[in-house]
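Listed below, chain by chain, are the residues.
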There are 2 protein chains.
Amino acid sequence: MRPTTRDLAKAAGVSLATVDRVLNGRAGVRKKTVDAVNDAIRRIGFERNQIAATLARQRGYRFGFALPRSGGEFMEEILDRIREFDKAGRAEMVEARVIHLDDQNPHRAARTLSRLSAEDLDGLAIMAPETPQIRDAIQRMRERGIQTVPFVSNQQEDGFVGIDNRAAGATAGRLMGRFLGSVQGAIVALTETTQSRDSLERRLGFDSVINHEYPGLRILPTLETHGDPGRTELVLRNVLAAHDDIVGLYLMGAEAHTPIDIARHLQATENRVTIAHERTPSTEAALRQGDIAAVIHQDPGHLVRSAVRILRAKCENRAILASQERIRIEILIAENL
Amino acid sequence: MRPTTRDLAKAAGVSLATVDRVLNGRAGVRKKTVDAVNDAIRRIGFERNQIAATLARQRGYRFGFALPRSGGEFMEEILDRIREFDKAGRAEMVEARVIHLDDQNPHRAARTLSRLSAEDLDGLAIMAPETPQIRDAIQRMRERGIQTVPFVSNQQEDGFVGIDNRAAGATAGRLMGRFLGSVQGAIVALTETTQSRDSLERRLGFDSVINHEYPGLRILPTLETHGDPGRTELVLRNVLAAHDDIVGLYLMGAEAHTPIDIARHLQATENRVTIAHERTPSTEAALRQGDIAAVIHQDPGHLVRSAVRILRAKCENRAILASQERIRIEILIAENL
DNA sequence: AGGATTTTGAGGTGCGTGCCTCAGAAATTT
DNA sequence: AAATTTCTGAGGCACGCACCTCAAAATCCT
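Owing to the predicted nature of the structure, the values given are computational and were not obtained by experimental measurement. (Residues numbered from 1 in each chain as written. Chains lettered and ligands numbered in written order. Predicted model: local features only at pLDDT ≥ 70, side-chain atom pairs only at ≥ 80, totals over all residues. Heavy atoms only, no water.)

Draft legend 1. Quick look at the overall build of chain A. If you tally the helices and strands in chain A, you get 14 helices and eleven strands. Per-residue burial over chain A gives 51% buried out of 337 residues. At a minimum sequence separation of 6, the contacts of chain A that also span at least 24 residues come to 72%. Within the structure as shown, chain A displays about 15,600 Å² of accessible surface, and the carbon and sulfur contribution to it stands at 48%. Taking the average location of the 47 positive side-chain charges in chain A and that of its 45 negative ones, the two points are 9 Å from each other. (Helix = DSSP H or I, 4+ residues; strand = E, 2+ residues; numbered from the N terminus. Buried < 20%, exposed > 50% of the residue type's maximum accessible area, 1.4 Å probe, protein only. Contact = heavy atoms within 4.5 Å. Areas by Shrake-Rupley, 256 points an atom, 1.4 Å probe, with all protein chains shown as cover. Lys, Arg positive; Asp, Glu negative; His and termini not counted. Charge placed at Lys NZ, Arg CZ, Asp CG, Glu CD.)

Draft legend 2. Representation of the relation of the copies chain A and chain B. Overlaying chain A with chain B gives an RMSD of 0.2 Å, the required rotation being 180 degrees about an axis along which the chain moves by 0.1 Å. Here the two chains are linked by the operation of a two-fold rotation axis. Of all interface residues in chain A, 100% are interface residues in chain B too; the two copies therefore contact each other through one and the same surface. (Least-squares fit on C-alpha atoms with pLDDT ≥ 70 in both.)

Draft legend 3. Region of the structure containing the protein's contact with DNA strand D. Neighbouring residues of DNA strand D: 27 residues in total, closest T18, T33 and Q58 of chain A together with T5 and R48 of chain B. Here DNA strand D approaches the protein such that, of its atoms within 4 Å, sugar and phosphate make up 75%. Between DNA strand D and S15 of chain A, the relevant distance is 2.9 Å, taken from a phosphate oxygen to a main-chain nitrogen or oxygen of the residue. At 2.6 Å, a backbone N or O of T5 of chain B approaches a phosphate oxygen of DNA strand D. Among the elements of the structure, α2 (16-23) and α4 (50-57) of chain A together with α4 (50-57) of chain B are those that each provide at least two residues to the surface near DNA strand D. In terms of residue count, α4 of chain B provides more of the surface near DNA strand D than any other element does, four residues in total. Within the surface near DNA strand D, the residues separate by chemical class into ten nonpolar, ten polar and seven charged. (Near = heavy atom within 4 Å. Polar contact = N/O pair within 3.5 Å; in protein donor to acceptor, adjacent residues only side chain to side chain. Nonpolar A, V, L, I, M, F, W, Y, C, P; charged D, E, K, R; others polar.)

Draft legend 4. Summary view of empty space enclosed by the protein. The final tally for this structure, using the stated rule, is five cavities of 30 Å³ or more. Volume-wise, the largest cavity comes out at about 100 Å³. Every residue lining the largest cavity is listed: H302, R305, R309, Q324 and R328 of chain A together with H302, R305, R309, Q324 and R328 of chain B. Counting only elements with at least two residues in the lining of the largest cavity, the list comes to α13 (300-315) of chain A together with α13 (300-315) of chain B. (1 Å grid on protein atoms, 1.4 Å probe; cavity = no way out; pocket = protein on both sides within 12 Å on 5 of 7 lines; lining within 4 Å. Points joined across faces, edges and corners; volume = space filled by probe spheres on them.)

Draft legend 5. Structural view of the protein's contact with DNA strand C. Neighbouring DNA strand C are 28 residues, the closest being T5 and R48 of chain A together with T18, T33 and Q58 of chain B. In DNA strand C, atoms within 4 Å of the protein come 71% from sugar and phosphate. R26 of chain A is positioned such that a nitrogen or oxygen atom in its side chain is 3.2 Å from a phosphate oxygen of DNA strand C. Here a base oxygen of DNA strand C and a side-chain polar atom of R21 of chain B are 3.0 Å apart. Elements with a contribution of two residues or more to the surface near DNA strand C: α1 (5-12) and α4 of chain A together with α2 (16-23) and α4 of chain B. The element that contributes the greatest number of residues to the surface near DNA strand C is α4 of chain A, accounting for four residues. Residue composition of the surface near DNA strand C, grouped by class: ten nonpolar, ten polar and eight charged.

Draft legend 6. Here's a closer look at the pattern of salt bridges. All names here are of chain A. Scanning the model with the defined rule gives 53 salt bridges over all chains in all. Its salt-bridge partner being E84, residue R81 comes within 3.6 Å of it at the nearest N-O pair. Of this pair, R81 and E84 are both found in helix α5 (residues 73-89), three residues apart, which corresponds to roughly one turn of the helix. Residue E84 is classed as partly exposed on the basis of its relative accessible area, which comes to 23%. Where R174 meets E213, a salt bridge forms, and the shortest distance between an N and an O atom there is 3.1 Å. Taken together, the positions of R174 in helix α8 (residues 165-180) and E213 in helix α9 (residues 197-213) put the pair 39 residues apart, joining distant regions of the chain. Exposure remark for R174: the relative accessible area of 13% places this residue in the buried category. Residue classification places E213 among the partly exposed residues on the basis of a relative accessible area of 44%. Bridged by salt links that share partners, the residues E130, R135, R197 and E201 form one connected network. (Salt bridge = Lys/Arg side-chain N within 4 Å of Asp/Glu carboxyl O.)

Draft legend 7. Spotlight on the packing of α1 of chain A against α2 of chain A. Residue and element names in this part refer to chain A. Two elements in contact, α1 and α2, have axes separated by 9 Å at closest approach and are oriented at 100 degrees. Relative to α2, the element α1 lies roughly perpendicular. Taking contact as the criterion, the partners of T5, R6, L8 and A9 in α1 are, on α2, L16, V19 and L23. Grouping the amino acids of the contact of α1 with α2 by side-chain chemistry returns five nonpolar, one polar and one charged. (Axes fitted to C-alpha atoms, helices over the stretch in contact; angles between N-to-C directions. Parallel < 35°, antiparallel > 145°, perpendicular 65-115°, else oblique.)

Draft legend 8. Geometry of α4 of chain A. Within the sequence span of α4 of chain A, burial applies to Q50, I51, A53 and T54 of chain A. Take α4 of chain A and look down its axis: the buried residues cluster within an arc of 165 degrees, on one side only. Those residues of α4 of chain A that are buried are in contact with β1 (61-68) and α13 of chain A together with α4 of chain B. A distance of 2.9 Å separates the backbone nitrogen of I51 of chain A from a side-chain oxygen at the start of α4 of chain A, and that oxygen is part of N49 of chain A. Two residues or fewer after α4 of chain A comes Q58 of chain A, characterised by a positive phi angle close to 80 degrees. (Arc of directions from axis to C-beta.)

Draft legend 9. Seen up close, unusual backbone geometry. Even without being a glycine, H226 of chain A presents a positive backbone phi close to 50 degrees. Note that H226 of chain A resides in the loop between β7 (223-224) and α10 (229-242). Phi at Q58 of chain B is positive, roughly 80 degrees, even though this residue is not glycine. Among the residues examined, Q58 of chain B registers a relative accessible area of 58% and is labelled exposed.

Draft legend 10. Fine view of the interface of chain A and chain B. Each partner contributes to the interface: chain A provides 41 residues, whereas chain B provides 41 residues. For the chain A and chain B pair, buried surface summed over both sides reaches about 4,100 Å², with 52% attributable to carbon and sulfur atoms. When the area that chain A buries against chain B is broken down by residue, the three leading residues are I51, R178 and E335 of chain A, summing to 17%. Between chain A and chain B we count six salt bridges in total. With a shortest N-O distance of 3.0 Å, R174 of chain B and E335 of chain A are connected by a salt bridge. Inspection of the chain A/chain B interface yields 14 residue pairs in polar contact (both at pLDDT 80 or more). Those elements that provide at least two residues to the side of chain A that touches chain B are α4, α5, α8, α13, α14 (322-325) and β11 (330-332) of chain A. Within the side of chain A that touches chain B, the residues separate by chemical class into 17 nonpolar, eight polar and 16 charged. (Buried area = accessible area lost by both parts, 1.4 Å probe.)

This is how it looks when you write it as structure tokens:
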């Protein structure tokens, strides 16, 4: 039988009340006594029964995902997974909800965050740009006792939930190189905005592989769509007209829907190797039809569950299983969808 | 607040005792009453609080993994994940242990299974060949009230935990074709034994892609190693001597360690495309060194956790999140390790 | 209708922990 | 030494459910 708090109290030579005070970090216990309890914990191998603990706490866990209001297909996938998790989690007394942040106005986003209280939230996974206001708001949330973890969009902290975008870019680069084989020519790189750290890092990784290992390939300057179909069509038309040796397309942004549609319409993918990011209905269909060769993906379900596990571990002051929380850079082709 | 059994009793117009009888499938309740309770469950949206239930049950969950005693590096990975899970699961009152099966003697394996009692096991994930004895033993286990799920090695049931090996073979085939580009020639396919369903299916998938879409490539008859280094070296030497146009190697078995070592020693991988299965220390090192081009992988941690989730859902008579339980066919290259 | 049988209700206990109160003990200060 | 202040112990209630007992009610059979 596993040792209980009762056993622990006996082993430490203190009462249940004191054990409770130490375990839950309440004030008013002499250091000597705290040490004695911690000693006993190690000695008898006590481990708090989380099942009983959550039941007794009355209140399970309530986690939030702070996400930009506007999102494309990939964001929809994430939202679906959050809802799915919330539904399945109710039996285990964990809830997950979405908190929309204004992605145009960091100031308002920060205010939204600062309104969150520890009363109705135990932890928050945050996808937001790194402005000073937001950084401050997050810091204050922490001080209020809300656990946080950066989500998908890179905040370069450790404990970040998401893929290493540099490695993802390198993966795309390697596939591009191998798929092209001995073919030589130019590669178009397209993204929504070069301002985002994600795009930057992907491009860095992509470049490092292509430039070092495939001297017959050269990557053109990154084109920006700003999420606008008109502009996407314009820049694609221009680049196709300007270069007659384009052999590959690298769609770096998270929202490949529009670029794929337009590229197909312009017949830009024919006889070229196209690689995109994130599995969505659009990229999946394009893979099946052979319009694109591969998709670099991060599993949204895994992202969501991982974020929750990390937040929960923080709440319970536990360690996490690092191996389980490393988000894989997945390579998808038509055959392993 | 979520409805409790008390609310359910009131809504159904019965007592707590009857609610308990219905919820836990105990005998001695009229069909009419059972229906009334189930009706009320749907009406008020009752959902059993699993936290409280497991606590009250006293005994958490005890799951087992029935695995062959002899295993290579990939099996070691799985064992590590099981141990890891067991350690982390204790706080949630779930245990996981390994039950070794004699893989040479199905009769003894069946006996091992038949000795397991529902007293000390709630569910079992089984990796075993499909012999009549074992099939019977599994059937009897089920009748004794132990939940089961086929594990990794294909038992072609639904609810099977593992990848679709035909698709995995097709994935390998597509990568082989794309990586070779316009290169033409012969491909060596190597496995431990062609008797295993896994190998068969992988070969089928591999063939279907290569034969239909890469007419310049031809796949040689599958070579068998029987797990023996000497034999591996022999068949590899022979095939290399017999054909001067070998451009690719497909290592279909789960144990790529020996084949990779020997292929490297024979310089068989140089200027050829090699694809193997399962990430292990060996295949990982070979990827980094460029000896092999890609690894088709299934995540052992995911396999273990998925098996446990499925078994648990069966124990609790719940539905599972299918999306979460589909084991992905992962493609690994040096850049996304 | 009567007895035998099946079905239901009322109530209790316990799981391991969180959280609360209050009195008494121990350490510290005056 | 007395008066504070700081720690500690004993105890109880609660969480939502499983599991148990025993008697009462409903249904069945002859």
